[in-house]
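A closer look at the structure
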Amino acid sequence: MISSRELNFSYAAGSALQFPDVEVDQGHVLLLRGPSGSGKSTWLALVAGLVTPTAGSMEVAGQAMHGVGQMATDAWRAKTIGFLPQKLHLSAALTVYQNLALVFWAAGVAEDGVRIKAALNDLGVAELANRLPSQLSGGQAQRVALARAVLMQPKVLLADEPTASLDDNAATDAVTLLLKTAHANGATLVIATHDARVEVVINQQSLLRATQSVQRLNLTGSSPEVSV
Amino acid sequence: MRTLVFAWRYLWARPMAATLNVLLLSLGLASIAFLLLVSNHVERAFDRDLAGIDAVVGAKGSPMQLILSGVLHLDVPPGNVPLSAVKALQKNPLVAEVIPISLGDNFQGYRIVGSSHAYVQHYQAYLAQGRLWDKPMQVVVGATVARKLGLHIGQSFVGSHGLGAGGHAHGENAYSVVGILAPGGSVLDRLIVTDTASVWKVHEDYTAVDEEDRAAMAQEREVTMALVRYTSPLAAISFPRWVNTTTEMQAAAPALEVTRLLRMLGLGTDVLRAFAGMLLLTAGLSVFIALWNAVRERRGDLALLRMLGAPPTKIAALLLTEALWLGLVSSVIGVFLGQAFVGLLGWFLGLDNSLLLGGLVWPVELAVVPCLALGVSLGAALLPALGAYRSNVLQLLQSR
């Protein structure tokens, strides 16, 4: 599902990152760990096709991540990648429903109201459809953002620091919800985090471990290592 | 379709900024619309009132004054000319038609014009009620006059001396209304038209001391001027020269004088246009700042749209659509505001149905307003849209 070999990325400024090889199967979990500046964001951007590797190869959901035009990559990303950013970026001007409708607009496909309602319903926030993001609690907003991320039934779900600025209970809920949602959608889940609590929650979710094996990709920025 | 909805929502998510921008843009556009409408009104009025009149012959003096007083009825005439001299014009082979105009009296500020039936026919005016005069002291009343003064068929009134209200009342000679003209949009709407003989009668009765005096006056009757139609366009070269050199009168060409007048008015409108241009420029800057800030504020949201698969062009288009909405809303408000300003000016000047401002018009030139609006708003949105186009998702990912 996600596989990379001798992956390298150089910034325009000159600094370069070397990533360990990885192989994650469909429906499984990859825990992307490392401190700030270790290259987690870049790795996520590489998976999403937002940047192309300077060396090595990467394949995501059957698509090689270089030599593809931007238009084709955008269209591919819209269908294949779900994204839960650390800062949720729900559009303040739009209602919850419209924030989800924006996904269809961005992907350039016809809006599917039934799917929007189903996604909100699956995450228990159907009754918030007509609210503005400013009228949501933190937990509600994260559920809405998660509904947005899985709306197109992506093959890969990227979560960027999903537990940052959450207390322990909320962090547990968030990770549990992510694992459940990814599982329900059959998506490969990538969690980029430097929060040790995520590891703990994943280990507690023994029920899921049977169907969702967890791999760990530790990034240090200089000497990468992988543990399985 | 959805782009329009989203852009609209984004625009009004900052209601203060959006309102301010719409207001600024609308004011600039309203000024432009106002100028366009006024100049259209003026040109239409000139076209209407001057149509078919090739020359105006009257007392020597300012040719423009002659046109303004005799055709547009806005100024006082330079003097009178002998009836015999005007009759002589008719014998000139270059002249197809001569319509005499005699001014001198008014009724409550509306001019009483002595002329012939040809004057009414010249403007292709229709009678709404009654008939044309068949003897002196009968009048046909223009539509605006009838409405404003509440005149009706059979009613009598006494004219006052002079062309403005408040002159000596010719109490011994009452006019009676025999006809009311349908509104035609021409100068006739605000005139009271009668036979030339009525004007002579009123003034001879007023000034003659005895019958002998009256007989002398009858011999030396005058009119104020004559409207002349040529037999051939070539007459435009020789006829005025002939009048100016061989008679005690002058011939003025309305087309020439109006061009001169519009050129003089043009100086004034240029200043207003420059002012409107400044307003538009300010509005453009304000739209630019608002959209620029919007892109900065929403940088993350826009980057997220890229993450969701929206191509950069689509994100730039979203910004441009926001600007498009601004332009569209502002041009609608601007045009109606412009119309309202013109209406207000008409009301303020009491020029209802008069030369300058006659009713609601939608000239084609008004299309300039939405074009300008879209030009300004889209122009102002270009750089912000480029900013949106370049939304960097990697930065979004790294901005923790």
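Residues numbered from 1 in each chain as written. Chains lettered and ligands numbered in written order. Predicted model: local features only at pLDDT ≥ 70, side-chain atom pairs only at ≥ 80, totals over all residues. Heavy atoms only, no water.

1. Examining the overall build of chain A
- A tally of helices and strands in chain A yields eight helices and 11 strands.
- Counting only C-alpha atoms, chain A reaches 45 × 40 × 35 Å along its principal axes.
- Counting all 228 residues of chain A, 54% fall into the buried class.
- Look at the contacts in chain A between residues 6 or more apart in sequence, and 70% of them connect residues 24 or more apart.
- Of the roughly 9400 Å² of accessible surface on chain A, a fraction of 50% belongs to carbon and sulfur atoms.
- For chain A, the distance from the average site of its 16 positive side-chain charges to the average site of its 18 negative ones is 4 Å. (Helix = DSSP H or I, 4+ residues; strand = E, 2+ residues; numbered from the N terminus. Buried < 20%, exposed > 50% of the residue type's maximum accessible area, 1.4 Å probe, protein only. Contact = heavy atoms within 4.5 Å. Areas by Shrake-Rupley, 256 points an atom, 1.4 Å probe, with all protein chains shown as cover. Lys, Arg positive; Asp, Glu negative; His and termini not counted. Charge placed at Lys NZ, Arg CZ, Asp CG, Glu CD.)

2. With respect to the nonpolar core
- Within the largest apolar cluster, 103 residues are counted, with the highest numbers of intra-cluster contacts made by Ile2(A), Trp43(A) and Leu158(A).
- The element that contributes the greatest number of residues to this core is helix H3 (residues 96-107) of chain A, accounting for nine residues.
- Once residues within four sequence positions are removed from consideration, Ile2(A) is found in contact with Val22(A), Glu23(A), Val24(A), Trp43(A), Val47(A), Met58(A), Glu59(A), Val60(A), Val156(A), Thr188(A) and Val190(A).
- Formed by 34 residues, the second largest nonpolar core is a distinct cluster that contains Val56(B), Leu66(B), Val187(B) and Val193(B). (Core = buried A, V, L, I, M, F, W, Y, C linked by side-chain atoms within 4.5 Å.)

3. A word on a negative patch on the surface
- The grouping of Glu6(A), Asp21(A), Glu23(A), Asp25(A) and Glu59(A) at the surface amounts to a negative patch.
- As for its position among the elements, Glu23(A) is in strand S3 (residues 22-24). (Patch = residues over 30% accessible without salt bridge, like charges linked within 9 Å, V, L, I, M, F, W, Y side chains within 5 Å. Salt bridge = Lys/Arg side-chain N within 4 Å of Asp/Glu carboxyl O.)

4. Quick notes on the packing of aromatic side chains
- All told, the structure shown has 11 aromatic pairs over all chains when counted by the stated rule.
- Considering the side-chain rings of Phe239(B) and Trp242(B), the 5.8 Å spacing of their centres and the 40° angle between planes classify their relative orientation as tilted. Here Trp242(B) and Phe239(B) lie together in helix H9 (residues 235-246), a separation of three residues that amounts to about one turn.
- Each residue in the set Trp8(B), Trp12(B) and Trp325(B) is aromatic and connected to the rest through ring pairs, giving one cluster.
- The cationic tip of Arg298(B) hangs over the ring face of Tyr10(B); the distance from NZ or CZ to the ring centre is 4.2 Å.
- Taking the ring centre of Trp105(A) as reference, the NZ or CZ of Lys314(B) above it sits at 5.1 Å. (Phe/Tyr/Trp six-rings, centres within 6.5 Å; stacked < 30°, edge-to-face > 60°. Lys NZ or Arg CZ within 6 Å of the ring centre and 35° of its normal.)

5. Some remarks on the interface of chain A and chain B
- On the side of chain B, 26 residues touch chain A, which itself brings 39 residues to the contact.
- Buried surface at the junction of chain A and chain B, both sides included, amounts to about 2900 Å², of which 63% is carbon and sulfur.
- For chain A, the biggest contributors to the area lost against chain B are Phe83(A), His89(A) and Trp105(A); these three give 25% of the whole.
- Between chain A and chain B we count two salt bridges in total. (Buried area = accessible area lost by both parts, 1.4 Å probe.)

6. A closer look at the pairing of strand S8 (residues 156-160) of chain A
Residue and element names in this part refer to chain A.
- Across the five residues that make up S8, a large majority, five, are buried.
- Neither face of S8 is left uncovered, since the one carrying Val-156, Leu-158 and Asp-160 and the one carrying Leu-157 and Ala-159 both have all their residues buried.
- With four bridges connecting them, strand S7 (residues 81-84) and S8 associate as parallel partners. Paired with Gly-82 across the two strands is Leu-157, which belongs to S8.
- In this structure, S8 lies alongside strand S9 (residues 188-193), joined through five bridges in parallel fashion. Residue pairing for S9: Ala-159 is matched across the bridge by Ile-191. (Pairing = 2+ DSSP bridges.)

7. A look at empty space enclosed by the protein
- Enumeration according to the criterion identifies six cavities of 30 Å³ or more in this entry.
- Forming the boundary of the largest cavity are Ala78(A), Ile81(A), Gly82(A), Phe83(A), Val103(A), Arg148(A), Ala149(A), Leu151(A), Met152(A), Met307(B) and Leu308(B).
- Of all the secondary-structure elements, those providing two or more residues to the lining of the largest cavity are S7 and helix H5 (138-150) of chain A.
- Looking at the lining of the largest cavity, the element that brings in the most residues is S7(A), giving three residues.
- A class-by-class count of the residues in the lining of the largest cavity yields nine nonpolar, one polar and one charged. (1 Å grid on protein atoms, 1.4 Å probe; cavity = no way out; pocket = protein on both sides within 12 Å on 5 of 7 lines; lining within 4 Å. Points joined across faces, edges and corners; volume = space filled by probe spheres on them. Nonpolar A, V, L, I, M, F, W, Y, C, P; charged D, E, K, R; others polar.)

8. Things to note about the side chain of Thr176(A)
- In this fold, Thr176(A) is placed in helix H6 (residues 168-185).
- Filtering out sequence-adjacent residues up to four positions away, Thr176(A) remains in contact with Val201(A) and Gln205(A).

9. A word on helix H7 (residues 196-207) of chain B
Residue and element names in this part refer to chain B.
- Taking 1.5 Å per residue as the helical rise, H7 with its 12 residues ought to reach 16 Å, and the 17 Å between its terminal C-alpha atoms agrees with that figure.
- Every buried residue belonging to H7 is among Thr-196, Ser-198, Val-199, Trp-200, Val-202, His-203 and Glu-204, and all of these are buried.
- The N-cap of H7, judged by a side-chain oxygen 2.9 Å from the amide nitrogen of Ala-197 a few residues on, is Asp-195. (Expected span 1.5 Å × (residues − 1). Polar contact = N/O pair within 3.5 Å; in protein donor to acceptor, adjacent residues only side chain to side chain.)

10. What about the pattern of salt bridges?
- Following the criterion strictly, the structure yields 13 salt bridges over all chains and no others.
- The salt bridge involving Glu161(A) is made with Lys40(A); its shortest N-O contact spans 3.8 Å. Taken together, the residues Glu161(A) in the loop between S8 and H6 and Lys40(A) in helix H1 (residues 40-47) connect sequence positions 121 residues apart. Considered together, Glu161(A) and Lys40(A) belong to a single accessibility category, that of buried residues.
- Between Glu322(B) and Arg14(B) there is a salt bridge, and its shortest N-O distance comes to 3.2 Å. Of the two residues, Glu322(B) is situated in helix H12 (residues 312-349) and Arg14(B) in the loop between helix H1 (2-12) and helix H2 (15-50); the sequence distance between them amounts to 308 residues.

11. What to know about the environment of Ala143(B)
All names here are of chain B.
- For Ala-143, the location among the structural elements is in helix H6 (residues 143-149).
- On the basis of relative accessible area, Ala-143 is assigned to the buried category, the value being 12%.
- Separated by 41 residues in sequence, Ala-143 and Gly-184 place their C-alpha atoms 8.1 Å apart.

12. Looking at unusual backbone geometry
- The phi dihedral of Gln153(A) is positive, around 50°, even though this residue is not glycine.
- Here Gln153(A) is to be found in the loop between H5 and S8.
- Of note, the phi angle at Gln108(B) is positive, near 50°, even though the residue is not glycine.
- Structurally, the position occupied by Gln108(B) is in the loop between strand S3 (95-107) and strand S4 (110-115).

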